[in-house]
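Listed below are the residues making up each chain.
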Amino acid sequence: MERFLEQKRKTEETFSRLTQPVHHRSDPFRAHQRIEGYFENRDVPDFMGSDRLLKIDGIYGTIQLGYNPQKGKTFLFANIKTSIYDTAPSRYQKELKEYQMMRQIKTGTPNIAFSSKRRNGGAALVYNLESKPWSAQSIAPYLYRGNMESLGKTMPFLDRTEELEERQKARDEKHRLQAEVRSALTKARYADLQALRLQERETLYLQNRYNSLIVRKDTAARLFFRRLNIAFDLQKQEIFQYYRGRRFGGEKSRLDSGLPENRNGDEGQDE
């Protein structure tokens with residue numbers, strides 16, 4: 001019973017994160033919307049700030065898709081919020097300063113990731129440096145790194161490993177219990193039947209619960225990455241053309257293109 005209650009509690013948290021109310025906001029590139037909470041180092045030659053293309057804001061955290069013209073690549077910026085499951089009172093959990101962020105060691109992918117200082121629950125940033133669209137594999141190598149917890153908490157659909165393992169355990173347990181029930185009936189051990197039937201119901205409940213989570217995670221991941229890639233693909237020609245003009249035509253190209261430069265906002269103060 002204790003194990004059942006613990007697993008039920010864990011699945012309820014995962015369900016809550018997967019079904020949280022979220023607000024999706026697509027930002028047109030020509031608005032040059034800045035990434036909220038991400039402060040870039042402006043003291044670099046020919047600085048060009050990043051543009052936000054998409055913001056997904058939920059009750060447990062925020063994910064923003066940005067384009068960095070210096071690198072010519074898109075990135076995800078994620079941070080958690082204070083909720084019934086997390087506390088995020090510190091600035092490093094909401095903000096990421098480029099000149100202070102810590103780079104994570106690469107593993108299995110050319111993508112690179114950064115965290116906001118070496119503390120738990122800090123804001124996290126991942127660059128997609130591969131010549132292919134965003135996918136779960138783009139982020140997976142950094143999902144369980146120290147100080148990168150915000151990735152898993154804001155994108156709970158990225159990993160189904162635990163649910164697949166627990167579902168298999170529940171299936172095995174159900175088969176074991178069914179054999180026990182048959183044995184009890186054969187040997188007329190009716191006193192044991194009530195406890196066995198209860199365990200069987202609990203196991204079946206968990207199996208169905210994990211089935212539902214697996215399906216929900218798969219659906220949520222497909223929709224999420226489709227939305228990310230569409231937000232960039234629909235504007236990438238305009239983005240490339242604009243920054244090609246900025247690099248080779250200077251300020252005159254920006255004015256001739258009619259695209260406004262609306263990137264402002266003061267840097268946050270250090271803690």
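For clarity, every value in this text was computed on a predicted model and none was experimentally measured. (Residues numbered from 1 in each chain as written. Predicted model: local features only at pLDDT ≥ 70, side-chain atom pairs only at ≥ 80, totals over all residues. Heavy atoms only, no water.)

**Quick look at the environment of L158**
In step 1: Here L158 shows up in the loop between α3 (149-154) and α4 (161-186).
In step 2: Along the primary structure L158 and S83 are separated by 75 residues, whereas in three dimensions their C-alpha atoms are 20 Å apart.
In step 3: In this view, L158 contacts A136, I139, L143, L151 and F225; residues no more than four positions away in its chain are not counted. (Helix = DSSP H or I, 4+ residues; strand = E, 2+ residues; numbered from the N terminus. Contact = heavy atoms within 4.5 Å.)

**Quick notes on the packing of aromatic side chains**
In step 1: Throughout the structure, instances matching the rule amount to 15 aromatic pairs.
In step 2: Between the aromatic rings of F29 and Y243, the centroid separation amounts to 5.7 Å while the plane-to-plane angle is 65 degrees, which identifies the pairing as edge-to-face. Of this pair, F29 sits in the loop between β1 (22-26) and β2 (38-39) while Y243 is found in helix α6 (residues 236-257), placing the two residues 214 residues apart along the sequence.
In step 3: Given a relative accessible area of 1%, Y243 falls into the buried group.
In step 4: Taken together, the aromatic side chains of F29, Y67, F232, F240, Y242 and Y243 make up a single cluster linked through ring pairs.
In step 5: Over the ring of Y60 we find R17; its NZ or CZ atom is 5.3 Å from the centre of that ring. (Phe/Tyr/Trp six-rings, centres within 6.5 Å; stacked < 30°, edge-to-face > 60°. Buried < 20%, exposed > 50% of the residue type's maximum accessible area, 1.4 Å probe, protein only. Lys NZ or Arg CZ within 6 Å of the ring centre and 35° of its normal.)

**Comments concerning the sheet that holds strand β5 (residues 73-80)**
In step 1: Ordered by their spatial adjacency, 7 strands build an open sheet running β1-β3-β4-β5-β9-β8-β7, and the pairing between neighbours is antiparallel. The open sheet is flanked by β1 and β7 (102-103), the only strands paired with a single partner.
In step 2: In this structure, β7 lies alongside strand β8 (residues 112-115), joined through 2 bridges in antiparallel fashion. Residue pairing in the sheet places R103 in a bridge with F114 of β8. (Pairing = 2+ DSSP bridges.)

**Some words on the nonpolar core**
In step 1: By size, the foremost hydrophobic cluster in this structure holds 38 residues, and its most contacted members are L76, L151, M155, F224 and F225.
In step 2: Going through the elements one at a time, α1 (2-18), β3 (51-58), β4 (61-68), β5, β9 (124-127), α2 (136-139), α5 (190-233) and α6 are the ones with two or more residues in this core.
In step 3: Here the element with the most residues in this core is α5; it accounts for 9 residues.
In step 4: In contact with M155, not counting residues within four places along its chain, are I63, L76, A78, I139 and F224.
In step 5: By size, the runner-up hydrophobic cluster in this structure holds 11 residues, among which are F77, M101, L125 and Y127. (Core = buried A, V, L, I, M, F, W, Y, C linked by side-chain atoms within 4.5 Å.)

**A look at the pattern of salt bridges**
In step 1: One pass over the full model with this rule turns up 23 salt bridges.
In step 2: The shortest N-O distance in the salt bridge between K132 and E130 comes to 3.8 Å.
In step 3: For E130, a relative accessible area of 16% gives the class buried.
In step 4: Connected via shared salt-bridge partners are E6, R9, E13, R17, D86 and K153. (Salt bridge = Lys/Arg side-chain N within 4 Å of Asp/Glu carboxyl O.)

**Focus on the pairing of β4**
In step 1: Among the 8 residues in β4, 8 count as buried, and that is most of the element.
In step 2: What you see with β4 is no split at all: G61, I63, L65 and Y67 on one side and T62, Q64, G66 and N68 on the other are buried throughout.
In step 3: In terms of strand pairing, β3 meets β4 through 6 bridges, oriented antiparallel. Across the sheet, the residue bridging to K55 is Q64, located in β4.
In step 4: Where β3 folds back on β4, the antiparallel hairpin that results is connected by 2 residues.
In step 5: Direction of pairing for β4 relative to β5: antiparallel, over a ladder of 8 bridges. Of the residues in β5, the one forming a bridge with L65 is L76.
In step 6: Where β4 folds back onto β5 in an antiparallel hairpin, the turn is made up of 4 residues, including G72, whose phi is positive at roughly 70 degrees.

**A word on unusual backbone geometry**
In step 1: Its identity as a non-glycine residue notwithstanding, H32 has a phi of 50 degrees, on the positive side.
In step 2: Within the element layout of this structure, H32 appears in the loop between β1 and β2.

**Some words on the side chain of D86**
In step 1: One can find D86 in the loop between β5 and β6 (96-97).
In step 2: Within the structure, the side chain of D86 is placed 2.9 Å from the side chain of R17, a separation counted as a polar contact.
In step 3: Within polar-contact distance, the side chain of D86 engages the side chain of K153 at 2.7 Å. (Polar contact = N/O pair within 3.5 Å; in protein donor to acceptor, adjacent residues only side chain to side chain.)

**Describing a nonpolar patch on the surface**
In step 1: Judged by side-chain polarity, M1, L5 and L198 come together as a nonpolar surface patch covering roughly 300 Å² of accessible area.
In step 2: One can find L198 in helix α5.
In step 3: Classification of L198 as partly exposed rests on a relative accessible area of 36%. (Patch = residues over 30% accessible without salt bridge, like charges linked within 9 Å, V, L, I, M, F, W, Y side chains within 5 Å. Areas by Shrake-Rupley, 256 points an atom, 1.4 Å probe, with all protein chains shown as cover.)

**Looking at the side chain of E130**
In step 1: On the secondary structure map, E130 appears in the loop between β9 and α2.
In step 2: Discounting chain neighbours no more than four positions away, the residues touching E130 are K73, T109, P110, N111 and S138.

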